[in-house]
Amino acid sequence: FGYFFTRNWEEAMKLNRRVAVLSPDENWNHLSKTFILFGDKGANDLSLKTIRKVTIRSWSLFSIMHQYFYTKQYDSLIDTIQNYPEGIDSKGNYMPADLITGMAYQFKGMPNEAKSAFERALRHIQEQIMKNEMDDRLYSSLGMTYALLGEKEKAIEAGKKAMDYLPRSKNAFYGIQPALDMAHIYAFLGMDDECVVLLEDILSKPGHFHPKWLEQDPRFDSIKDHPKYPDLISQPLSQQYQINPPN
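What this report covers is the structure whose coordinates are included nearby.

Rules used throughout
Residues numbered from 1 in each chain as written. Predicted model: local features only at pLDDT ≥ 70, side-chain atom pairs only at ≥ 80, totals over all residues. Heavy atoms only, no water. Helix = DSSP H or I, 4+ residues; strand = E, 2+ residues; numbered from the N terminus. Buried < 20%, exposed > 50% of the residue type's maximum accessible area, 1.4 Å probe, protein only. Contact = heavy atoms within 4.5 Å. Salt bridge = Lys/Arg side-chain N within 4 Å of Asp/Glu carboxyl O. Axes fitted to C-alpha atoms, helices over the stretch in contact; angles between N-to-C directions. Parallel < 35°, antiparallel > 145°, perpendicular 65-115°, else oblique. Left-handed = near helix turned anticlockwise from the far one by under 90°. Nonpolar A, V, L, I, M, F, W, Y, C, P; charged D, E, K, R; others polar. Phe/Tyr/Trp six-rings, centres within 6.5 Å; stacked < 30°, edge-to-face > 60°. Patch = residues over 30% accessible without salt bridge, like charges linked within 9 Å, V, L, I, M, F, W, Y side chains within 5 Å. Areas by Shrake-Rupley, 256 points an atom, 1.4 Å probe, with all protein chains shown as cover. Core = buried A, V, L, I, M, F, W, Y, C linked by side-chain atoms within 4.5 Å.

## What to know about the overall build of the chain
For the chain, the count of helices and strands is 14 helices and 2 strands. With respect to the principal axes defined by its C-alpha atoms, the chain has extents near 55 × 40 × 35 Å. Every one of the 247 residues in the chain was classed for burial, and the buried ones make up 54%. Across the chain, contacts joining residues at least 24 apart in sequence account for 61% of those joining residues at least 6 apart.

Next up, the structure:
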């Protein structure tokens, strides 16, 4: 993951192949290979084949969602998610199935179906927050759902609350997700400048989100005409974070 986070795809894949020899059925080996492929070449047939070997349900759906978002196979995502009614519930992410389905409908140009799904997702997330009001993941999902429903003030408030609960300054690994979800919120709301500023910071530091992921993600389509977008998708990691392979 060190090489993956710092975008050294060649070294990351070398180590991935070594792990595959030692533990061919290890879930995290398949996941890390998928993420390396996403970051290096983009989602393709090989990444989909690798995802299908993942047996941890939340991470399987997380990977499938990105695969189908990145390749714009929204019908495939809608069909697949029927097998994952629980949605994504991992340490770094909480996304109800209806939120994911709603985004797929949105990208397909089906606003009525999307709105119905987002409204169901909103009710579900609000119920979960009543059970655990300190969970940053819930506020990230709440913010995205509000944004997709056009509730600007509520969306920003929820997204910022998630970042306050898990700032990247305190958790460099998992803290990227609330910041990334805040960038999604800004993009959904058409706040392109705010989105770009946040993405510049995210992409300047090590993490699981890379320029190639940004380039493929339809959730960021709204910023593609921004004058800084070409710099974002080619933005190098700050030199201080580079890792050189051992001799």
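After that view of the structure, there is still more to cover.
## Concerning the pattern of salt bridges
All chains considered together, the criterion is met by 12 salt bridges. Measuring nitrogen to oxygen at the nearest pair gives 2.6 Å for the salt bridge that ties R57 to E86. Taken as a pair, R57 in helix α5 (residues 57–70) and E86 in the loop between α6 (74–81) and β1 (88–89) lie far apart in primary sequence, 29 residues in all. Look at R57 and you get partly exposed, because its relative accessible area is 41%. One salt bridge connects D89 with R137, and the closest N-O pair in it is separated by 2.8 Å. With D89 in strand β1 and R137 in helix α9 (residues 136–148), this pair connects stretches of sequence that are 48 residues apart.

## Quick look at helix α7 (residues 97–107)
Along α7, 8 of the 11 residues are buried, which leaves the element largely enclosed by surrounding structure. The first or second residue beyond α7 is G109, which carries a positive phi of 80°.

## Some words on the packing of helix α2 (residues 9–22) against helix α3 (residues 27–40)
Running from N to C, α2 and α3 point in directions that differ by 160°, and their axes come no closer than 10 Å. The angle between α2 and α3 falls in the class roughly antiparallel. By crossing handedness, the relation of α2 to α3 is classed as left-handed. Facing W9, A12, M13, N16, V19 and A20 of α2, the residues of α3 in contact are N29, S32, K33, I36, L37, G39 and D40. Class assignment of the residues belonging to the contact of α2 with α3 gives a composition of 7 nonpolar, 4 polar and 2 charged.

## Quick look at the packing of aromatic side chains
Counted according to the given criterion, the structure contains 19 aromatic pairs. Between F4 and W213 the ring centres are 6.5 Å apart and the planes differ by 50°, which places this aromatic pair in the tilted class. With F4 in helix α1 (residues 2–5) and W213 in helix α13 (residues 211–216), this pair connects stretches of sequence that are 209 residues apart. Per residue, the accessibility class of F4 equals that of W213, and both read buried. By way of ring pairs, the aromatic residues F4, F5, W9, W28, F35, F38, W59, F62, Y70, F173, Y174 and W213 are connected into one cluster.

## Considering a nonpolar patch on the surface
Judged by side-chain polarity, F1, W28 and I56 come together as a nonpolar surface patch covering roughly 260 Å² of accessible area. Here F1 shows up in the segment before α1. Judged by its relative accessible area of 45%, F1 is partly exposed.

## Examining the nonpolar core
Of all hydrophobic cores here, the largest spans 77 residues; its most connected members are L199, F209, L214, F220 and I223. Looking at this core, the element that brings in the most residues is helix α11 (residues 176–188), giving 9 residues. Setting aside chain neighbours within four positions, we find F209 in contact with I176, L180, L199, I202, L203, L214 and F220.

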